[in-house]
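# A look at the structure
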Amino acid sequence: MLSMESLWCNSESELSTLKLSKSVIERPEYRLMRRKPSKSLIPQALLHANPESQQKSHRRRRSGTWPRTRSLNAPSPIQQFGPCGRIMKNSAMVMQIQDPASQRLTWYKPPLTVLVIKKVHDAQILAPFVQLVHWLVHDKSMVVFVEAAVLDDTLLAEYGDFTSVKERLMTFRASTDDLTDKIDFIICLGGDGTLLHASSLFQQSVPPVMAFHLGSLGFLTPFEFNNFQEQVMNVLEGHAALTLRSRLQCVVLRKSQDDNKDKKKPTTILVLNEVVVDRGPSPYLSNIDLFLDGKHITSVQGDGLIVSTPTGSTAYAVAAGASMIHPSVPAIMVTPICPHSLSFRPIVVPAGVELKIALSPEARNAMWVSFDGRNRQALQHGDR
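Let me begin by describing the structure that accompanies this report. All values derive from a computational prediction rather than experimental measurement.

## Quick word on the overall build of the chain
Looking only at helices and strands, the chain features 9 helices and 20 strands. Within the chain, the fraction of its 384 residues that count as buried is 34%. A separation threshold of at least 6 residues defines the contact pool for the chain, and within that pool the share at least 24 residues apart is 62%. Per element, the accessible surface of the chain, about 24,700 Å² overall, is 53% carbon and sulfur.

## Re the environment of Phe129
Relative to the helices and strands, Phe129 resides in helix α3 (residues 126-139). Since its relative accessible area comes to 0%, Phe129 is described here as buried. Separated by 59 residues in sequence, Phe129 and Cys188 have C-alpha atoms that sit 9.6 Å apart. Apart from residues lying up to four places away in sequence, Phe129 is in contact with Val116, Lys118, Val146, Val150, Leu156, Phe162 and Leu189.

## Examining the packing of aromatic side chains
For the structure shown, the criterion picks out 6 aromatic pairs. Taken together, a centroid distance of 6.2 Å and an interplanar angle of 45° make the contact between Phe129 and Phe162 tilted. Of this pair, Phe129 sits in helix α3 while Phe162 sits in helix α5 (residues 160-163), and the two are 33 residues apart along the sequence. The exposure classification of Phe129 matches that of Phe162, with both residues buried. Relative to Phe223, the ring of Phe212 has its centre 5.9 Å away and its plane inclined at 55°; by these criteria the two rings are tilted. Of this pair, Phe212 sits in strand β9 (residues 209-213) while Phe223 is found in the loop between β9 and α7 (228-236), placing the two residues 11 residues apart along the sequence. With a relative accessible area of 26%, Phe223 lands in the partly exposed category. The ring of Phe291 has Lys356 lying over it, and the distance from NZ or CZ to the ring centre is 4.6 Å.

## Details of a nonpolar patch on the surface
Side chains of Leu217, Phe219, Val318 and Met324 sit close together on the surface and give an oily, nonpolar patch of about 390 Å² of accessible area. As for its placement among the helices and strands, Val318 is situated in helix α9 (residues 316-319).

## As for unusual backbone geometry
In this structure, Asp293 is a non-glycine residue whose phi angle is positive, near 50°. Among the secondary structure elements, Asp293 is positioned in the loop between β13 (286-292) and β14 (295-302). Phi is positive for Cys338, which is not a glycine, with a value near 45°. Relative to the helices and strands, Cys338 is located in the loop between β16 (331-337) and β17 (347-350).

## A short note on the pattern of salt bridges
Tallied over the full model, the rule gives 4 salt bridges. The shortest N-O distance in the salt bridge between Asp383 and Arg254 comes to 3.2 Å. One end of the pair, Asp383, is in the segment after β20 (374-379); the other, Arg254, is in the loop between β10 (248-251) and α8 (255-259), with 129 residues separating them in the sequence. Of the charged contacts, one joins Asp278 and Arg376 as a salt bridge, the two residues approaching to 2.9 Å between their closest N and O atoms.

## Observations regarding the sheet that holds strand β12 (residues 274-278)
Ordered in space as β17-β16-β15-β12-β19-β20, the 6 strands form an open sheet in which the pairing is antiparallel. Of all the strands in the sheet, just β17 and β20 have a single pairing partner and so form its edges. Sheet twist, expressed as the mean angle between neighbouring strand axes with direction ignored, is 20°. Looking at chain direction, β12 and strand β19 (residues 367-371) are connected through 4 bridges and run antiparallel. Looking at the pairing, Asp278 lines up with Trp368 of β19.

## A few points about the nonpolar core
In terms of nonpolar packing, the biggest core is built from 32 residues, with Val116, Phe129, Leu136, Ile187, Leu189 and Val232 touching the most fellow members. No other element matches the 8 residues that α3 contributes to this core. Residues contacting Val116, with those up to four places away along its chain left out, are Phe129, Leu132, Leu136, Val144, Phe145, Val146, Ile187 and Leu189. One finds Ile269, Ile288, Val334 and Ile357 within the second-largest nonpolar core, a separate group that totals 23 residues.

## Description of the side chain of Thr335
For Thr335, the position within the fold is in strand β16. The exposure class assigned to Thr335 is buried, which follows from its relative accessible area of 0%. Contacts of Thr335, omitting those with residues within four sequence positions, involve Leu305, Ile306, Ala317, Ala320, Ala322 and Pro346.

## Regarding the sheet that holds strand β7 (residues 170-172)
Sheet architecture is open: 5 strands sit in the order β7-β6-β5-β8-β9, paired in parallel fashion. Single-partner strands in this sheet number two, and they are β7 and β9. Pairwise comparison of adjacent strand axes, ignoring direction, gives a mean angle of 25° for this sheet. Pairing of strand β6 (residues 143-147) with β7 involves 3 bridges; the strand directions are parallel. Along β7, the bridge assignment pairs Phe145 with Met170. Helix α6 (residues 192-200) contacts β5 (113-118), β6, β8 (185-190) and β9 of the sheet and is inclined by roughly 150° relative to β8. Where α7 meets the sheet, it contacts β8 and β9, and its direction lies at approximately 165° from that of β9.

How each quantity is defined
Throughout, residues of each chain are indexed from 1 in the direction in which the sequence is written. With the structure being a predicted model, the display of local features is reserved for residues of pLDDT at least 70 and the display and counting of side-chain atom pairs for 80 or more, all residues being used for whole-chain, interface and lining totals. To obtain the side-chain values, all non-hydrogen atoms of the structure were included, while hydrogens and water were left out. For the purposes of this entry, the term helix denotes a DSSP run of H or I that reaches at least four residues, the term strand denotes a run of E that reaches at least two, and both are numbered from the N terminus. Each residue is assigned to one of three classes by its accessible area relative to the maximum for its type, calculated with a 1.4 Å probe on protein chains only: buried under 20%, partly exposed between the two thresholds, exposed over 50%. Contact between two residues is taken to exist if any of their heavy atoms lie within 4.5 Å; hydrogens are not considered. Using the Shrake-Rupley algorithm and a 1.4 Å probe, accessible areas are obtained, with residue cover drawn only from the displayed protein chains. Working definition: a ring pair exists when centres of Phe, Tyr or Trp rings (six-membered ring for Trp) sit within 6.5 Å. Plane angles under 30 degrees give stacked, over 60 give edge-to-face, the rest tilted. Geometrically, a charge over a ring is one whose NZ (Lys) or CZ (Arg) sits within 6 Å of the ring centre while staying within 35 degrees of the ring normal. Note that patches include only residues with greater than 30% relative accessible area and no salt bridge, and the join distances are 9 Å for like charges and 5 Å for nonpolar side chains (Val, Leu, Ile, Met, Phe, Trp, Tyr). Salt bridge, as applied in this entry: a Lys or Arg side-chain nitrogen positioned within 4 Å of an Asp or Glu carboxyl oxygen. Pairing between strands is defined by DSSP: at least two bridges between them are needed. Under this scheme, a helix contributes an axis fitted over its contacting stretch, all axes are lines through C-alpha atoms, and angles between N-to-C directions fall in the 0 to 180 degree range. To qualify as a nonpolar core, a set must consist of buried Ala, Val, Leu, Ile, Met, Phe, Trp, Tyr and Cys residues joined through side-chain atoms within 4.5 Å.

In structure tokens form, the structure reads like this:
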């Protein structure tokens with residue numbers, strides 16, 4: 001669908017204008033009329049402009065309201081427009097939107113390994129955990145990975161079925177072991193926090209995650225455990241729908257690294273829910289500068305800032321007054337926390353942009369940042 005204000009012509013001889021005329025029934029219509037080519041290379045508007053109008057144009061240009069970016073409008077995600085119009089392929093394209101109902105899981109070889117993650121310090125999940133692991137090992141002959149800390153739970157000794165499978169389980173430690181390309185799919189027993197923990201274990205490709213609702217929050221855990229055998233079999237046979245969820249790629253750059261010219265590559269953290277920047281233990285308001293693709297957008301004065309994915313829009317962001325975004329929408333939401341302003345409200349920016357957050361020069365205290373509630377650290381002046 002094309003917008004009338006978005007049409008653009010390259011040649012002056014082909015320039016056309018839309019004139020408003022009235023039909024017989026006094027209904028406004030837009031008619032396309034050809035403008036005669038000008039004999040001068042100088043636009044007619046400039047030939048007859050007076051100094052006052054030039055000053056107004058100059059003021060409008062400085063204020064950033066003119067000229068406006070002109071572009072064609074077309075339905076998304078279709079990439080063919082009319083008989084000869086197509087979108088140009090771009091290597092910087094972030095993602096292609098697909099109908100969520102058509103996203104299905106398929107295996108190009110049978111899955112053999114599964115990672116089972118359970119909510120810690122919850123005795124009510126021990127029975128479902130033992131039941132699931134026993135079925136996967138004995139009935140499906142699968143290789144099951146669990147965290148080493150799970151086997152340290154003394155309450156598991158009360159379940160006789162677990163002693164028969166304990167020796168056949170593969171263990172790992174999140175701080176030392178790398179599970180990349182070792183896991184075919186993941187089963188989570190718990191709430192949303194359990195799924196966030198599973199995401200943090202994979203900082204590259206993430207296997208499909210099947211989350212059973214056995215916790216307090218269930219935005220991300222749609223499966224019920226009552227008939228888990230039937231539901232897991234549907235996944236193993238490739239009869240399962242997929243919901244694709246984007247993650248934020250986060251990098252902390254320190255001023256000390258710039259001063260020392262340290263060429264060590266900074267650590268990259270992939271975040272499923274949100275990045276939270278707040279004032280920490282300080283009683284003063286945070287003064288935070290926000291940049292979008294290198295351009296200063298605004299300065300936030302308040303308790304902090306939340307940068308969230310569509311998945312994270314149902315977490316801290318919605319509690320801070322933001323809207324909920326469907327996970328298939330490629331977007332990033334920026335939400336202030338208790339802003340000391342009437343003008344800054346939650347905003348949504350396209351996925352793929354670069355957001356930079358730094359302390360304002362007039363800030364009196366440091367700011368603290370956390371990634372999905374983990375890796376909390378302080379940021380000083382010059383850090384971003």
